[in-house]
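Inside the fold
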Amino acid sequence: MVWQQRRYTRRQVLKAGAAGAGLLALGPLASACGSESETAGSGGASGEPKVGGTLIIGRHDQPTVQAVGLDPHHVAVSGGNVYTLDKMYQPLYTTDAAGKLQPLMVQEHTVSSDGLVYTLTLKEGITFSDGEAVTADDVAWSLNRARTTETGSMSFLNFAIADVKAVDGGTVEITLSQPWAPLLSDLSIYSDAILPKDLRGMSEKEFFTNPIGTGPFVLKSWEEEGALITLARNENYWQSGMPYVDEVVFKLISDDNQRMLQLQSGDIQIADTVPPAQVESLKADSNVSIGVFPAWSVDLFLFNHLVDHYADRNVRRAIAQTIDTAKIVESTTFGISEAGGSFFPPSLEYYDPDTPVLKYDLEAAKADLAASGFPKGFKSEILIPSGDKVWNLAAQIIQAGAAELGIEYEIKQLDQAAYQTAFRSFEFETFINNAINDITDPDEMASFQCDNENGGSNCFWTNYDNPELAEVVRAAAAEMDSAKRAEMYSEIQATVAQDAPYVAMSYPPTIFGTTTAVSGFAVNPAGAYPLEGVSLA
Amino acid sequence: MYVLRRLLQAIPVVLGIVVVVFFMLRLIPGDPAAALLGTHATPEAIQALRDRWGLDEPIWVQFWLFLQQLAQGDTGTSLFYDVSTRTLIASRIPVTVALVALASVFSVLIAVPLATYAAVRKDRLPDHAIRMVPLVGLGMPSFWVGLVLILLFSVQLGWFPVGGWGDTFAEHVYGLILPALTSALGIVPLLVRSLRAGMLEVLEADYVAVARSKGIRESRVLFVHVARNAFVPTLTLLGINIAFLMGATVVVERVFQLNGLGSLMLTAISNRDFPVVQGVTIIFALAVVVITLVTDLVAAATDPRIKLS
Amino acid sequence: MSAPELATTGSSEQAVALEGFVVRSHPTLRKALRNRSLLTGGAIVGTLVLIAILAPWIARYDPLQQDLAATLQLPSWVHWLGTDELGRDVWSRLVWAARFDLATGFFVVLFPFAFGTLIGTLAGYYGGWIDTVLSRIIDVVMAFPYYVLIITLVFVVGKGIRGIFIAFALADWVTYARTVRSTTLVARRMDWAAAARSGGLSDRRIIVHHILPNTITQAIVYAMSDVVYVILAVVTLGYLGLGIQAPQPDWGSMIFDGQLFMTTRWWLSTIPGLCVVVTGIGLSLVGDGLADVLRPE
């Protein structure tokens, strides 16, 4: 069966949420559902899901976990790592397939009148994979460990937390240093996972060799340096009846052709990262379903503001207006990605469809360049990681567009390691990269891309320095009233659209292929795919 | 005497390989710590990892450490996988050795009959047809050949697995057939061309004429005299081209998703996992040195002229 | 490193004894004109070179001109081979790629050819410690499997045409050096060489006027196949994501870009693949023919 999930606009997301937790792939409520249009595969619409079987997933990314340990609190962020760990450990909250924040381990929460103290009541009956109940002590210890780790890639999300303590066996109190709207959303990040207090007295090395978590699966084997990982059913999983499959095998298949062919031959049941160019031919295969899931993800064309040319706002605006985002998505992804506009993806909360985006307009572009310090154009470079087909094409389109202004781009391809090093040390003129929001609250993306000082990345390594904008970003995170937040985020999006510190080229969805034997599979907008609700025909 | 001289010659070569590998890899730009930690990594996290891996030590110190380890037969610990590179390489060697071995067998099985047939039918249609093989084969990139074979035999006909290595011995062999064929096709053109020339020489040699004149059956002449005399040159040729065959595994393993040394090297080099790349490259180079040596010695043992030179 | 080799360029000294030969007579034009391989090969290569030179007139469109409204079109009278993902005319890209790839192949081979021949001649002629040192250096480089060395070098010096040029310059000369060394070793033992030396001719004169003309022919023959190896290696590097910088039209990147459409638009990668094969055939025939023509009676 072939299907393509419709993209959500923000309103649709809200509506879907209001329709109830029926879309929730996680949580007890989900067990009976299988709302066909939101899950890949065809089998699961009627009847009880079948129990048993081995689910084999072919992945594009090499997990690199072993060098950093299987420790969720300071793990390297790569697709391969994250999506192995989140099957074994769970945070307090989670993002469902429709992009709504859902409590996972929390029964209810109250907030003090000053907004500084959150009291969370834990659900009863949640156990670790060793059968022990999860207590408030475990939660407090875990969150404190997660927020204080120095090498944790995502710990910047926890910066407003001043302390976490257990009030009694089932109640946790979180104290903030300032009012902080994204808090509950932040707690859904995979790196705020709950582990047993003091790792059950084991050393880190000992514990993470055979880790204990609350997730639906436990580690069974780790072979070929992570190219072949097997997870087994957590017999003590706290959501009764789940997971449905006995085992999950993650196979590294980095070659795109090979991964798709193994899916078609049934050697694997799920393949991630389907190349847009192959979607058409895969859809013709009756054994395969292609799932296109909207994501809080945006492909960016970024300027290095330390370079004279790009410190000039008029130059950036001029180039932005040579980029026809509609044509880019049509040619590079065959219309699968949505054309870029605001730097917030449309499915993200507080996305403003009325953002005054700089549209493709050659005359306006020429006028802006004429008003800049470089009216005659100049030579420059576009840095892309090698092997990325879509970005390679996008770079060529940008190159052709900018040539109309007399700006000559050379496309420079570096392999991943050199590419990462180059943009982190600002040794680039322009580059292409992707930003993804990992949680429901847009503060992550806003601060990462607009707050040069506190955002953690110098505005995605562009060095875009706009202190007034950063103030608004910080104020928006501290604002509890959602109508006021909406206004602030509209202002942020408008400022970025007009300043063009970078150009949002497209909003790529997450594309997965499954065989028709698979049902109950869905990917949330943050790119995570829980597997407890997946069954095999 | 000749054996001893050849062995002594190998020593500076091995040392040279070690030096070249170490310094060549350090010249590659890109930080392994940044590569491992990804987009959200903090500078502190990157620095912590660099310290742990000793990447900020002066290069001479690193080289000295590397030599010390190597003297003990140790190529270091993988930065990424945190296991000894020896273990890592040992776990991947079977795939690559099996692939190269099977590919050698295939190339002989394909090349020898073709070359013989062409030589026997010299300047007639079969000869011309077979002589086209090297010409066409030479121009085909192996990843392309592999892809076509997969599309044809695995996807269309369903005879072979699309890729991977399986769990049992039978599955290993089964899974290696297409990859080995792909590798073999890379050198078959050269083997055919050289063997045909060699065969022609033998066929025109005096003792063959004598054998024929004695009324010995043509098939027997071919089998006993010609094939036997073609054996050593074939072996020598394979030995010479083994380096090429091994290099081809880098590509073929990727096309067929085999986790051998070649794919290990590709992943490791893009991760800047220097100890692993060092280990694999040295293993590859040593294998070539050893195989060349053995081939030379075998050839010397069968041809007395060589010892004199 | 070692590219695949011909039997006549054996790996070590005994190969010389087994198969080495010295070209004693200079090629004659008549012999060349009678050689079918050489004529056919020459015709193929000649046509390709002509296409490459006339690319601006043969190509019907600018190979870089995008038309995002007409991407991935089927072959038609407007676009003989259809258009690619960015709406560029595939025929025009193919023609311009011929220019680029042939130039790359010949140009990249030039340095290894010259340098390798020089080193091989020196090692073979002077012998002694010069030969020992040079031979061990050659052995070290040859010990690396071809693609292992090329890939590593491309990582070191960077992608793109510059990287490819440097990587091959560093890796590819050894095959020439070894071949030429072998033939030089044999040549200098010949009577006329000894006579020349005792006659008081300078080493330089002997090498340039007597040794080189005899030894260089094998290097030239190998260079013909080497051009194909270089084009193939560039194609393979493209597959590994280490190839030519976009948007330069090149057969390798066309094969690589087209392979995603193997089942829907097979010609996108098959036709540039055929171009590589035809080039290979042409150059191999020329190589074979040259070897025949230059072979002693």
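Conventions we followed
Residues numbered from 1 in each chain as written. Chains lettered and ligands numbered in written order. Predicted model: local features only at pLDDT ≥ 70, side-chain atom pairs only at ≥ 80, totals over all residues. Heavy atoms only, no water. Helix = DSSP H or I, 4+ residues; strand = E, 2+ residues; numbered from the N terminus. Buried < 20%, exposed > 50% of the residue type's maximum accessible area, 1.4 Å probe, protein only. Contact = heavy atoms within 4.5 Å. Areas by Shrake-Rupley, 256 points an atom, 1.4 Å probe, with all protein chains shown as cover. Axes fitted to C-alpha atoms, helices over the stretch in contact; angles between N-to-C directions. Parallel < 35°, antiparallel > 145°, perpendicular 65-115°, else oblique. Left-handed = near helix turned anticlockwise from the far one by under 90°. Nonpolar A, V, L, I, M, F, W, Y, C, P; charged D, E, K, R; others polar. Pairing = 2+ DSSP bridges. Phe/Tyr/Trp six-rings, centres within 6.5 Å; stacked < 30°, edge-to-face > 60°. Lys NZ or Arg CZ within 6 Å of the ring centre and 35° of its normal. Arc of directions from axis to C-beta. Buried area = accessible area lost by both parts, 1.4 Å probe. Salt bridge = Lys/Arg side-chain N within 4 Å of Asp/Glu carboxyl O. Polar contact = N/O pair within 3.5 Å; in protein donor to acceptor, adjacent residues only side chain to side chain. 1 Å grid on protein atoms, 1.4 Å probe; cavity = no way out; pocket = protein on both sides within 12 Å on 5 of 7 lines; lining within 4 Å. Points joined across faces, edges and corners; volume = space filled by probe spheres on them. Patch = residues over 30% accessible without salt bridge, like charges linked within 9 Å, V, L, I, M, F, W, Y side chains within 5 Å.

Before going further, it helps to examine the overall build of chain A. What chain A contains, in helices and strands, is 18 helices and 21 strands. Within the span of chain A, comprising 537 residues, buried residues form 62% of the whole. Put simply, 71% of the contacts in chain A that link residues at least 6 apart link residues at least 24 apart. Just so you have it, chain A exposes about 18,500 Å², and 49% of that area is on carbon and sulfur atoms.

What follows is about the packing of helix 3 (residues 36-53) of chain C against helix 5 (residues 90-126) of chain C. All names here are of chain C. Contact geometry of helix 3 with helix 5 gives a least axis separation of 8 Å together with a crossing angle of 110 degrees. The angle between helix 3 and helix 5 falls in the class roughly perpendicular. The two elements helix 3 and helix 5 meet at a crossing, and its hand is left-handed. The residues of helix 5 that touch helix 3, namely those facing Leu 48, Val 49, Ile 51, Ala 52 and Ile 53, are Val 95, Ala 98, Arg 99 and Leu 102. Of the residues belonging to the contact of helix 3 with helix 5, the class tally is eight nonpolar, no polar and one charged.

Before going further, it helps to spend a moment on the pairing of strand 1 (residues 54-59) of chain A. All names here are of chain A. With six bridges connecting them, strand 1 and strand 10 (residues 247-252) associate as parallel partners. Paired with Ile 56 across the two strands is Val 249, which belongs to strand 10. For strand 1 and strand 11 (residues 270-271), the ladder comprises two bridges, and the chain directions are parallel. The residue of strand 11 that forms the bridge with Ile 57 is Ile 270.

Moving on to the packing of aromatic side chains. To describe a pair of aromatic rings, one takes the distance between the centres and the angle between the planes. Across all of its chains, the model carries 48 aromatic pairs over all chains by this definition. Residues Tyr 237 of chain A and Trp 238 of chain A carry aromatic rings whose centres are separated by 5.8 Å and whose planes lie at 55 degrees to one another, so their mutual orientation is tilted. On the accessibility criterion, Trp 238 of chain A (14% relative accessible area) is buried. Look at Phe 423 of chain A and Phe 431 of chain A: their rings are 4.8 Å apart centre to centre, the planes differ by 20 degrees, and that puts the pair in the stacked class. You'll find Phe 423 of chain A and Phe 431 of chain A in the same group, each marked buried. Members of the aromatic cluster, connected to one another through ring pairs, are Tyr 419, Phe 423, Phe 428, Phe 431, Phe 448, Phe 460 and Trp 461 of chain A. Seen from the ring of Tyr 529 of chain A, Lys 87 of chain A lies directly overhead, with NZ or CZ sitting 4.1 Å from the centre. One Lys or Arg, Arg 26 of chain B, reaches over the ring of Phe 22 of chain B and ends 4.1 Å from the middle of that ring.

Right, let's get into helix 3 (residues 43-53) of chain B. All buried positions along helix 3 of chain B are accounted for by Ala 45, Ile 46, Leu 49, Arg 50 and Trp 53 of chain B. Within helix 3 of chain B, the buried residues cover an arc of 135 degrees as seen down the axis, which keeps them to one side. Projecting away from the buried face of helix 3 of chain B at angles above 90 degrees are the exposed residues Pro 43 and Asp 51 of chain B. Where helix 3 of chain B is buried, its residues meet helix 14 (416-424) of chain A together with helix 2 (32-37) of chain B. Directly beyond the C-terminal end of helix 3 of chain B, a positive phi value near 65 degrees is found at Gly 54 of chain B.

We now examine the interface of chain A and chain C. Quoted interface sizes are often the accessible area lost when the parts come together. With 24 residues of chain A at the contact, the number on the chain C side is 22 residues. Counting the surface lost from both chain A and chain C, the interface buries some 2,000 Å², and carbon and sulfur atoms represent 55% of this. Looking at the side of chain A facing chain C, the largest losses of area belong to Lys 389, Gln 396 and Gln 413 of chain A, adding up to 26% of the total buried there. When the shortest N-O distance is used, the salt bridge between Glu 85 of chain C and Lys 389 of chain A registers 2.8 Å. Where chain A packs against chain C, one counts four residue pairs in polar contact (both at pLDDT 80 or more). Elements with a contribution of two residues or more to the side of chain A that touches chain C: helix 8 (276-283), helix 11 (325-333), helix 13 (389-403) and strand 16 (408-414) of chain A. Per-element accounting of the side of chain A that touches chain C gives the leading share, seven residues, to helix 13 of chain A. A class-by-class count of the residues in the side of chain A that touches chain C yields eight nonpolar, 10 polar and six charged.

Now for the sheet that holds strand 10 of chain A. Residues and elements named next belong to chain A. In space, the seven strands of this open sheet follow the order 8-9-10-1-11-19-12, with mixed pairing throughout. This sheet does not close on itself; its edge strands, each paired only once, are strand 8 (217-223) and strand 12 (288-293). Contacts from helix 8 reach strand 12 and strand 19 (510-515) within the one sheet, and its direction differs from that of strand 12 by about 140 degrees.

This part is about the layout of surface pockets. Its volume calculated, the second largest pocket comes out at about 760 Å³. Every residue lining the second largest pocket is counted, 26 residues in all, and those nearest its centre are Lys 251 of chain A together with Gly 164, Trp 165, Gly 166 and Asp 167 of chain B. When residues of the lining of the second largest pocket are traced back to their parent elements, those giving at least two are strand 9 (228-233) and strand 10 of chain A together with helix 5 (85-120) and helix 8 (169-203) of chain B. Classifying every residue of the lining of the second largest pocket gives 10 nonpolar, nine polar and seven charged.

All names here are of chain A. Cis geometry marks the peptide bond from Met 242 to Pro 243; its omega dihedral reads -5 degrees. Its place among the elements puts Pro 243 in the loop between strand 9 and strand 10. In the Ramachandran plot, Tyr 350 falls in the positive-phi region, its phi being about 70 degrees despite a non-glycine side chain. With respect to the element layout, Tyr 350 can be found in the loop between strand 14 (338-339) and helix 12 (362-370).

Looking now at the interface of chain B and chain C. Each partner contributes residues to the interface: chain B has 57 residues there, and chain C has 49 residues. Summed over both sides, the interface between chain B and chain C buries roughly 4,800 Å², with carbon and sulfur atoms accounting for 75% of that surface. Linking chain B to chain C there are zero salt bridges. Linking chain B to chain C there are zero residue pairs in polar contact (both at pLDDT 80 or more). Only helix 1 (2-26), helix 6 (125-138), helix 7 (142-156), helix 8, helix 10 (218-255), helix 11 (261-271), helix 12 (274-302) and helix 13 (304-308) of chain B provide two or more residues apiece to the side of chain B that touches chain C. In terms of residue class, the side of chain B that touches chain C is built from 41 nonpolar, nine polar and seven charged.

With that out of the way, let us pick up a nonpolar patch on the surface. Residue and element names in this part refer to chain B. A grouping of Phe 231, Leu 235, Val 290, Val 294 and Val 298 is seen on the molecular surface, where their side chains present a nonpolar patch of about 410 Å² in accessible area. Counting residues per element, the nonpolar patch draws most heavily on helix 12, which supplies three residues. Among the secondary structure elements, Leu 235 is positioned in helix 10. A relative accessible area of 34% means that Leu 235 is categorised as partly exposed.

With that settled, consider the sheet that holds strand 4 (residues 106-111) of chain A. Residue and element names in this part refer to chain A. Taken together, the four strands give an open sheet; going across it, the order is 4-5-7-6, and neighbouring strands pair in antiparallel fashion. Strands with a single pairing partner mark the edges of an open sheet, and in this sheet they are strand 4 and strand 6 (161-168). With direction set aside, neighbouring strand axes in the sheet form an average angle of 20 degrees.

This is a description of form; function is not addressed.
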